[in-house]
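Chain by chain, the residues run as shown.
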Amino acid sequence: MAASTTATTVSTTSTRDPGGPDLRPRSPVTGWLAVVAVTLGIFSIVTTEILPIGLLTEIGADFTISDGMAGLMMTMPGFLAAIAAPVVTVMTARIDRRLMLCVLMALLAAANFLAAAAPDYWLVLVSRIVVGIVIGGFWSIGASLAERLVPAASVSRATAVIFSAVPLGSVLGVPAGTLLGDLAGWRAAFIATGGFTAAVLIMLLIVAPPLPPRRTTRLLVLRGMLTSGTTRSALLLTVLIVWAHFGTYTYVTPFLEQVTDVSSRLITVFLLLYGAAGILGNFLGGFLVTRHPRAAFGTAAGMIAAATLLLPVLGQKTAGAIALLVVWGVAYGAVPVCSQTWFTKASPDTPEAASVIFTASFQATISLGALTGGLVVDSSSPSTVMTLGGLTATLTVLAVGAHRHLNSGLADGLSAEVHKM
């Protein structure tokens, strides 16, 4: 009942024109090209956001700062993205979404070039602020565009393709950037990422159709969504699992260097294997979450808990570290699509609003995870970070179980009332 009431409230506070023209591209090929362009845009964003993970120690050495201080490159974008997601989406609610995507890609390219040219670390952090604004705006708009770009029967596939950009950023973007940084310096990695982003901007200008807003996302809509128990459950699970992941994964390079004792080039291979596993996890998660949402989320959280808790023990050997990173990659690959699906199901009539809350919660927690992980790694060790992250992931598993128990109790109560009638 609560969920249906929320859906009704949201739909009446959103501007929608159900009788308006179908604005999907007339050619399916054009629509899929636009999906590819949006996917590449998110790929560029993900790569830019997590690129410092593979270059953390190199950048820290260049500016003579600690690993924890260098971790601010992960903290800054997340906090800004959490703020930008609702602010940018609401303030630009009446602007064509194609124009917004292009403007945000231009800003992302500029941020990468600024980081590459920065003579001081504070300018790198300024560039990361811009990255955060782009993440909040682009994700909130782009993650819900599949239904407007392809025929209705292909929306689920197109959504999976768009979300595949997350593990692709890990499997291709970050390892490639890490390798380039190892060969030519970390600044070359940011230059290359900026050039790629500029190419995506050109592609969006060519293939993306006009996308005038069909639903105006207002703050009232966002507040209405938070009255849903399903939305609050999605928030709790997202915060816990993303905190567990980024509190540990941000510092996986120092862990592999100090505990597993591998070279920087071998770390690139490790990250490549992790990312490849993430692609598999993304599609497995997308397949399972529509049928078994709690099981999919709980399994992913349990695998992350196992991998991070075991890394300080088994990760001292190369084989153990690789095996656990593969498990971790499969698990985390499923997390974004699981989280987004829960938010979307909580408010099916307002997908852009659901994306706003998903993006804001996800990005805010990335920052909190990177920040707390940095404090721990500076005061203790990378192994301690892994252990604490594993315990947080275990809490996620318990929260999924509690959510299931609560829903089962509610369902039993409703069933009893029906029988009484």
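As the structure is a prediction and not an experimental result, all values here were calculated from the model. (Residues numbered from 1 in each chain as written. Predicted model: local features only at pLDDT ≥ 70, side-chain atom pairs only at ≥ 80, totals over all residues. Heavy atoms only, no water.)

### Concerning the overall build of the protein
No. 1: Each helix and strand in the protein was counted, giving 18 helices and zero strands.
No. 2: Put simply, 87% of the contacts in the protein that link residues at least 6 apart link residues at least 24 apart.
No. 3: Taken as a whole, the protein presents about 16600 Å² of accessible surface, with 71% of it coming from carbon and sulfur. (Helix = DSSP H or I, 4+ residues; strand = E, 2+ residues; numbered from the N terminus. Contact = heavy atoms within 4.5 Å. Areas by Shrake-Rupley, 256 points an atom, 1.4 Å probe, with all protein chains shown as cover.)

### Quick notes on empty space enclosed by the protein
No. 1: Evaluated as defined, the whole model comprises four cavities of 30 Å³ or more.
No. 2: Its volume calculated, the largest cavity comes out at about 190 Å³.
No. 3: Lining the largest cavity are 17 residues, with Glu49, Val166, Tyr332, Phe362 and Ile366 positioned closest to its centre.
No. 4: For the lining of the largest cavity, the elements supplying multiple residues, two or more each, are helix 2 (28-63), helix 9 (165-184), helix 12 (229-249), helix 16 (318-346) and helix 17 (351-379).
No. 5: Here the residues of the lining of the largest cavity sort into twelve nonpolar, four polar and one charged. (1 Å grid on protein atoms, 1.4 Å probe; cavity = no way out; pocket = protein on both sides within 12 Å on 5 of 7 lines; lining within 4 Å. Points joined across faces, edges and corners; volume = space filled by probe spheres on them. Nonpolar A, V, L, I, M, F, W, Y, C, P; charged D, E, K, R; others polar.)

### Brief notes about the packing of helix 13 (residues 252-260) against helix 14 (residues 264-289)
No. 1: Closest axis-to-axis distance for the helix 13/helix 14 pair is 11 Å, and the angle between their directions is 125°. When the axis of helix 13 is compared with that of helix 14, the two are oblique. Relative to helix 14, helix 13 is oriented so that their crossing is right-handed. In contact with Val252, Thr253, Leu256, Glu257 and Thr260 of helix 13, helix 14 contributes Ile267, Phe270 and Leu271. (Axes fitted to C-alpha atoms, helices over the stretch in contact; angles between N-to-C directions. Parallel < 35°, antiparallel > 145°, perpendicular 65-115°, else oblique. Left-handed = near helix turned anticlockwise from the far one by under 90°.)

### Re the packing of aromatic side chains
For any two aromatic rings, the description comes down to two numbers: the centre-to-centre distance and the angle of the planes.
No. 1: For the structure on display, the rule yields eight aromatic pairs.
No. 2: Where Phe63 meets Trp186, the ring centres are 5.7 Å apart and the plane angle is 55°; that geometry is what we call tilted. With Phe63 in helix 2 and Trp186 in helix 10 (residues 186-207), this residue pair connects regions lying 123 residues apart in the sequence. For the residue pair Phe63 and Trp186, the accessibility class agrees, reading buried in each case.
No. 3: Residues Phe246 and Tyr332 carry aromatic rings whose centres are separated by 5.8 Å and whose planes lie at 90° to one another, so their mutual orientation is edge-to-face. Remark: Tyr332 occurs in helix 16 and Phe246 occurs in helix 12; sequence separation between them is 86 residues.
No. 4: With relative accessibility at 4%, the residue Phe246 sits in the buried group. (Phe/Tyr/Trp six-rings, centres within 6.5 Å; stacked < 30°, edge-to-face > 60°. Buried < 20%, exposed > 50% of the residue type's maximum accessible area, 1.4 Å probe, protein only.)

### Details of the pattern of salt bridges
Note that side chains of opposite charge can pair when their charged atoms are close.
No. 1: One pass over the structure, following the stated rule, counts one salt bridge.
No. 2: Note that Arg187 is salt-bridged to Asp62, the shortest N-O span being 3.8 Å. With Arg187 in helix 10 and Asp62 in helix 2, this pair connects stretches of sequence that are 125 residues apart.
No. 3: The exposure class assigned to Asp62 is partly exposed, which follows from its relative accessible area of 40%. (Salt bridge = Lys/Arg side-chain N within 4 Å of Asp/Glu carboxyl O.)

### Some points on the nonpolar core
Soluble globular proteins tend to bury their nonpolar side chains together.
No. 1: Residues Phe138, Trp139, Leu204, Leu256 and Trp328 are the most contacted members of the largest nonpolar core, which totals 89 residues.
No. 2: It is helix 16 that contributes the most residues to this core, eleven residues altogether.
No. 3: Residues within four places of Trp328 in sequence aside, it is in contact with His245, Thr248, Tyr249, Val252, Tyr274, Ile304, Ala307, Thr308, Leu311 and Met386.
No. 4: Of all hydrophobic cores here, the second largest spans 20 residues; its members include Ile59, Met73, Ala115 and Val124. (Core = buried A, V, L, I, M, F, W, Y, C linked by side-chain atoms within 4.5 Å.)

### Some points on the side chain of Thr392
No. 1: By secondary structure assignment, the location of Thr392 is in helix 18 (residues 382-420).
No. 2: Assessed through its relative accessible area of 19%, Thr392 is described here as buried.

### Some details on helix 8 (residues 155-163)
No. 1: Turning to helix 8, its buried residues number three or more, namely Ala158, Ile162 and Phe163. The buried residues of helix 8 occupy an angular sector of 135° when the element is viewed end-on, so they sit on one face. Relative to its buried face, helix 8 has exposed residues pointing more than 90 degrees away, namely Ser156 and Arg157. (Arc of directions from axis to C-beta.)

### Notes on the confidence of the model for the protein
No. 1: Predicted confidence across the protein gives a mean pLDDT of 79, with 82% of residues reaching 70 or more.
No. 2: Overall, residues 1-22 carries pLDDT values under 50, and its contacts beyond four positions in sequence, including any with other chains, amount to 25 contacts.
No. 3: pLDDT under 50 marks residues 408-421. Its contacts with residues more than four places away, or in other chains, come to zero contacts. (pLDDT = per-residue confidence, 0-100.)

### Concerning helix 10
No. 1: Its 22 residues place the ends of helix 10 32 Å apart at the C-alpha level, agreeing with the 32 Å of an ideal helix rising 1.5 Å per residue.
No. 2: Of the positions making up helix 10, those classed as buried are Trp186, Ala188, Ala189, Phe190, Thr193, Gly194, Thr197, Val200, Leu201, Leu204 and Val207. (Expected span 1.5 Å × (residues − 1).)

### Observations regarding unusual backbone geometry
With the exception of glycine, most residues fall at negative phi, and the peptide bonds are largely trans.
No. 1: We note that Thr64 has phi near 55°; this positive angle belongs to a residue other than glycine.
No. 2: Taking the relative accessible area as the measure of exposure, Thr64 reaches 71% and is therefore exposed.

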